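Next come the chains, spelled out residue by residue.
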Amino acid sequence: MKFAVTSKGDSKSENLVQIIKQYLLDFELQYDEEEPDIVISVGGDGTLLYAFHRYSNRLDKTAFVGMHTGHLGFYADWTPAELEKLVIAIAKTPYNIIEYPILEVVVRYQNEEKETRYLALNESTVKSIEGTFVMDVEMSGKHFERFRGDGLCVSTPSGSTAYNKALGGAIVHPSIEAIQLAEMASINNRVFRTVGSPLILPKHHTCVLKPVNEPNFQISIDHLNLLHKKVHSIQYRVAEEKVRFARFRSFPFWKRVHDSFISE
């Protein structure tokens, strides 16, 4: 089996990476950064996001597993104290593959340039460069509303516990193939109206945002913030691809939610 290891970059994570790498080589696994079967992410959920984007072109072939060097993460569940246990599990134990839905983002431009396609594991946000954000929202080809406010956030089920939750969005179990649209400080008065509630769209539905005035936007794809100019539309839907996690033990989603937000 071929493996790769990614790191948060701090000294603690780098030291763990070297130990994991040497142990797995001693077990006669092959280190391959280009075409790994499994990627071990050492750091936190942010580190795993970087790994996801690095290997987003081979999601059907690469599985991920995370070790956290700080607080328990939603993607990184192994601890440094369990390093040897994890290494032996990877080297000797057949693992289960758990698949989560991810988000497809397609940005199209006014001058009919080639469209740009992204995949997001957590979420994508859209904000104006300056002034009030105004966007027509279409659901499955039909006009739904004209949104005015600070911006919009579209999240995956596994990303629903991140920025989406801070915006008042629902926490969605990652076995549900859906995306969620949440508002950022919408303007609601006698003149302007939005639905004022997060919306959950199933796999076969598409959400399209169309600029009303300003065509330049700051669009985030997980941790990446990108400036897009002369935008014609931004299309969101559940991607055909899925992210694959290597599971060597039970990692219940609702327990993660409890431990992250409720447990003392």
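Residues numbered from 1 in each chain as written. Predicted model: local features only at pLDDT ≥ 70, side-chain atom pairs only at ≥ 80, totals over all residues. Heavy atoms only, no water.

(A) Molecular detail of the UniProt feature "binding site: NAD(+)" (unreviewed entry) in the protein. On the UniProt side, "binding site: NAD(+)" (unreviewed entry) is annotated at positions that read Asp45, Gly46, Asn122, Glu123, Arg148, Asp150 and Ala185 here. For this annotated set, covering 141 residues, the C-alpha atoms extend up to 31.6 Å from each other, a dispersed arrangement in space. Within the secondary structure, Gly46 sits in helix 2 (residues 45–54). Take Arg148: its relative accessible area is 18%, and that puts it in the buried class. (UniProt positions renumbered as here; feature names shortened; annotations may be inferred. Helix = DSSP H or I, 4+ residues; strand = E, 2+ residues; numbered from the N terminus. Buried < 20%, exposed > 50% of the residue type's maximum accessible area, 1.4 Å probe, protein only.)

(B) Seen up close, the sheet that holds strand 8 (residues 123–128). Ordered in space as 13-12-11-8-15-16, the six strands form an open sheet in which the pairing is antiparallel. In the strand order of this sheet, the two ends are held by strand 13 (199–202) and strand 16 (224–228), each with one partner. The average undirected angle you get between the axes of adjacent strands in this sheet is 20 degrees. Bridging between strand 11 (residues 151–155) and strand 12 (residues 178–184) involves five bridges; their strand directions are antiparallel. Residue Cys153 lies in a different strand from strand 12, and its bridge partner there is Ala182. (Pairing = 2+ DSSP bridges. Axes fitted to C-alpha atoms, helices over the stretch in contact; angles between N-to-C directions.)

(C) Structural detail: the UniProt feature "active site" (unreviewed entry) in the protein. Mapped onto this numbering, the UniProt entry gives "active site" (unreviewed entry) at Asp45. The topology assignment puts Asp45 in helix 2. If we ignore the near neighbours within four places in the chain, the residues touching Asp45 are Gly73, Phe74, Tyr75 and Ala76. (Contact = heavy atoms within 4.5 Å.)

(D) Up close: the packing of helix 1 (residues 11–26) against helix 3 (residues 83–92). Direction vectors running N to C along helix 1 and helix 3 enclose 35 degrees, while the axes themselves pass 10 Å from each other. Considering how the two elements wind past one another, helix 1 and helix 3 form a crossing that is right-handed. Across the interface between the two elements, Leu16, Ile19, Ile20, Tyr23 and Leu24 of helix 1 pack against Leu83, Glu84, Val87, Ile90 and Ala91 of helix 3. Broken down by class, the residue content of the contact of helix 1 with helix 3 amounts to nine nonpolar, no polar and one charged. (Left-handed = near helix turned anticlockwise from the far one by under 90°. Nonpolar A, V, L, I, M, F, W, Y, C, P; charged D, E, K, R; others polar.)

(E) A look at the packing of aromatic side chains. Applying the stated criterion across every chain yields a total of ten aromatic pairs. Ring geometry for Trp78 and Phe248: centres 6.5 Å apart, planes at 75 degrees, overall edge-to-face. Of this pair, Trp78 sits in strand 5 (residues 76–78) while Phe248 is found in the loop between strand 17 (231–247) and helix 5 (253–261), placing the two residues 170 residues apart along the sequence. Of the residues examined, Trp78 reaches a relative accessible area of 4% and is grouped as buried. Measuring from ring centre to ring centre gives 5.4 Å for Tyr95 and Phe248, while their planes differ by 65 degrees; the resulting arrangement is edge-to-face. In this pair, Tyr95 sits in the loop between helix 3 and strand 6 (96–109) while Phe248 sits in the loop between strand 17 and helix 5, placing the two residues 153 residues apart along the sequence. Overall, Phe248 belongs to the buried group, its relative accessible area being 17%. By way of ring pairs, the aromatic residues Phe74, Phe253, Trp254 and Phe261 are connected into one cluster. (Phe/Tyr/Trp six-rings, centres within 6.5 Å; stacked < 30°, edge-to-face > 60°.)

(F) Seen up close, the pattern of salt bridges. All told, the structure shown has 15 salt bridges when counted by the stated rule. In this structure, Arg54 and Glu33 form a salt bridge, with 3.2 Å as the shortest nitrogen-oxygen distance. In this pair, Arg54 is assigned in helix 2 and Glu33 in the loop between strand 2 (30–31) and strand 3 (38–43), connecting sequence segments 21 residues apart. The salt bridge involving Arg146 is made with Asp136; its shortest N-O contact spans 2.7 Å. With Arg146 in strand 10 (residues 142–149) and Asp136 in strand 9 (residues 133–139), this residue pair connects regions lying ten residues apart in the sequence. Judged by relative accessible area, Asp136 falls into the buried class, the value being 14%. It is possible to trace a salt-bridge network through shared partners that takes in Glu104, Arg117, Arg237 and Glu241. (Salt bridge = Lys/Arg side-chain N within 4 Å of Asp/Glu carboxyl O.)

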